[in-house]
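Okay, here's what each chain looks like letter by letter:
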Amino acid sequence: MRWLSHPLLTVDHLSMRFGGLVAVNDLSFTAGRGDITALIGPNGAGKTTVFNCITGFYKPTGGRVALAHGDAPTGHEIDALTASDKRHGRGHNGGIFLLERMPDHEIAAKGRVARTFQNIRLFAGMTALENLIVAQHKTLMRASGFSLLGLLGTASFRKAEREAMERAQAWLEVVGLTKRADDPAGDLPYGAQRRLEIARAMCTDPILLCLDEPAAGLNARESADLTRLLRGIRTETGVSILLIEHDMSVVMDISDHIVVIEYGIKIADGTAQSVKNDPKVIAAYLGVEDRELTSLAGRTQP
């Protein structure tokens, strides 16, 4: 259980309120290094709000979101950060990032957290290849000296351009889109666009990949292909994956660790086997009344 022994992401007493609405309430969980962690729950449970807090789109009302690039952080190490470190979201050695204190662009660039969205957000008029090169614009801008070295065509900039192209081509091959490299992204089939979004996120070289309903709208064959793709990415790159997903066949097949929330509160946390037999999870998905939980628990016992 790497999420207990070697956590990459630690969400600690996270809360998010919108006026009088409590979207996330005192939520705590960890995501292990190299694990595929699923965050699941009924519609409106607060899953995307949690993602938005992790990736900087929302600033949490309370709690801590810590990401460790080096050794797993302990509560003592995080609490011992200086005031300056805390303001800037940094640990003593740069290895611990307090994401709730960082702007979203720093979470992506310095924290190396990438994400996709429920709705596809590709540049539809650009080619598949161009979408992957654009994902590397920060690296290219630094290599260009913010335009001057690029205009001069220096050797260092040409090297960065070549590496960006090679990375983009490699990820097109991984997601099976090499033959569609020059096609506009908006002309690709829906399932191919989903894969291209994942490839674009991976071109940023993340250590944590956050996927918001990657199987949404996919048929059974495409979902199976997605499962194989994510397993391959995890195996080949070592990236940790945190995903929101409603397709339970994908979740149960791919996840090392599942966290279940309902109305912004964690109701279960564990392996796929333990979660799918948890009466509270069954009740949340099937709408079973609380008074029926005892008899339901009895029926789920082996």
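Read on for an overview of the structure. (Residues numbered from 1 in each chain as written. Predicted model: local features only at pLDDT ≥ 70, side-chain atom pairs only at ≥ 80, totals over all residues. Heavy atoms only, no water.)

This next bit is on the overall build of the protein chain. Within the protein chain, the secondary structure is distributed over 15 helices and ten strands. Looking at the protein chain as a whole, 47% of its 302 residues are labelled buried. In the protein chain, 68% of the contacts between residues at least 6 apart in sequence involve partners at least 24 apart. Only carbon and sulfur atoms are counted for the fraction: they give 53% of the accessible area of the protein chain, which is about 14,500 Å². (Helix = DSSP H or I, 4+ residues; strand = E, 2+ residues; numbered from the N terminus. Buried < 20%, exposed > 50% of the residue type's maximum accessible area, 1.4 Å probe, protein only. Contact = heavy atoms within 4.5 Å. Areas by Shrake-Rupley, 256 points an atom, 1.4 Å probe, with all protein chains shown as cover.)

With five of six residues buried, strand β9 (residues 257-262) lies mostly within the body of the structure. Relative to β9, strand β3 (residues 36-40) runs parallel, the two being bridged by four bridges. Counterpart to Ala 38 in the pairing with β9 is Ile 258. Across five bridges, the pairing between β9 and strand β10 (residues 265-270) is antiparallel. Bridging across to β10, Val 260 finds its partner in Ala 268. Once β9 ends, the chain turns through two residues before running back antiparallel as β10, passing Tyr 263 with a positive phi of about 50°. (Pairing = 2+ DSSP bridges.)

All right, on to the packing of aromatic side chains then. Here the structure, examined in full by the defined rule, presents two aromatic pairs. Considering the side-chain rings of Phe 18 and Tyr 58, the 5.3 Å spacing of their centres and the 75° angle between planes classify their relative orientation as edge-to-face. Of this pair, Phe 18 sits in strand β1 (residues 7-18) while Tyr 58 sits in the loop between α2 (47-54) and β4 (62-68), placing them 40 residues apart in sequence. Residue classification places Tyr 58 among the partly exposed residues on the basis of a relative accessible area of 29%. Arranged with centres 5.6 Å apart and planes meeting at 90°, the rings of Phe 57 and Phe 117 form a pair that is edge-to-face. (Phe/Tyr/Trp six-rings, centres within 6.5 Å; stacked < 30°, edge-to-face > 60°.)

If you check helix α11 (residues 220-237), its first and last C-alpha atoms are 26 Å apart, about what 18 residues at 1.5 Å a residue would give, namely 26 Å. Two to three positions downstream of the cap, the backbone nitrogen of Arg 221 sits 3.2 Å from a side-chain oxygen, assigning the N-cap of α11 to Asn 219. Positive backbone phi, at 80°, marks Gly 238, one or two positions downstream of α11. (Expected span 1.5 Å × (residues − 1). Polar contact = N/O pair within 3.5 Å; in protein donor to acceptor, adjacent residues only side chain to side chain.)

Once that is clear, we can look at the side chain of Gln 193. Looking at the secondary structure, you find Gln 193 in helix α10 (residues 190-202). With relative accessibility at 14%, the residue Gln 193 sits in the buried group. The contact partners of Gln 193, leaving out residues within four places of it in the chain, are Ile 120, Leu 122, Ala 185, Gly 186 and Leu 188.

The next thing to look at is the sheet that holds strand β2 (residues 21-32). Strands sit in the order β2-β1-β4-β5 across an open sheet of four strands; the sheet is antiparallel. The sheet is open, and its two edges are formed by β2 and β5 (96-98), each paired on a single side. Neighbour-to-neighbour, the strand axes of this sheet turn through a mean angle of 15°, independent of strand direction. Here β1 runs beside β4; their pairing, made up of five bridges, is antiparallel. Each bridged residue has a counterpart across the sheet, and for Asp 12 the counterpart in β4 is Arg 64. Set on the sheet, α2 makes contact with β1, β2 and β4; between it and β1 the angle comes to about 115°. (Axes fitted to C-alpha atoms, helices over the stretch in contact; angles between N-to-C directions.)

This part is about the nonpolar core. Counting 46 residues, the largest nonpolar core has Leu 196, Ile 198 and Leu 209 as the members making the most contacts within it. When residues of this core are assigned to their parent elements, the largest contribution, six residues, is made by α10. Not counting chain neighbours up to four residues away, the residues in contact with Leu 209 comprise Ala 114, Ile 198, Ala 201, Met 202, Val 239, Ser 240, Ile 241 and Leu 242. Phe 29, Cys 210, Leu 242 and Val 259 belong to the second-largest nonpolar core, a separate cluster that totals 30 residues. (Core = buried A, V, L, I, M, F, W, Y, C linked by side-chain atoms within 4.5 Å.)

Moving on: the sheet that holds β9. Note on sheets: strands pair through backbone hydrogen bonds, and any given pair is parallel or antiparallel. The strand order β6-β7-β8-β3-β9-β10 describes an open sheet built from six strands, whose pairing is mixed. Lying at the two open borders of the sheet, with one neighbouring strand each, are β6 (113-115) and β10. Here the strands of the sheet are splayed against their neighbours by 15° on average, with no regard to which way each runs. α2 contacts β3, β6, β7 (208-212), β8 (240-244) and β9 of the sheet and is inclined by roughly 145° relative to β8. Strands in contact with α10 are β6 and β7; relative to β7, the strand with the most contacts, it is inclined by about 155°.

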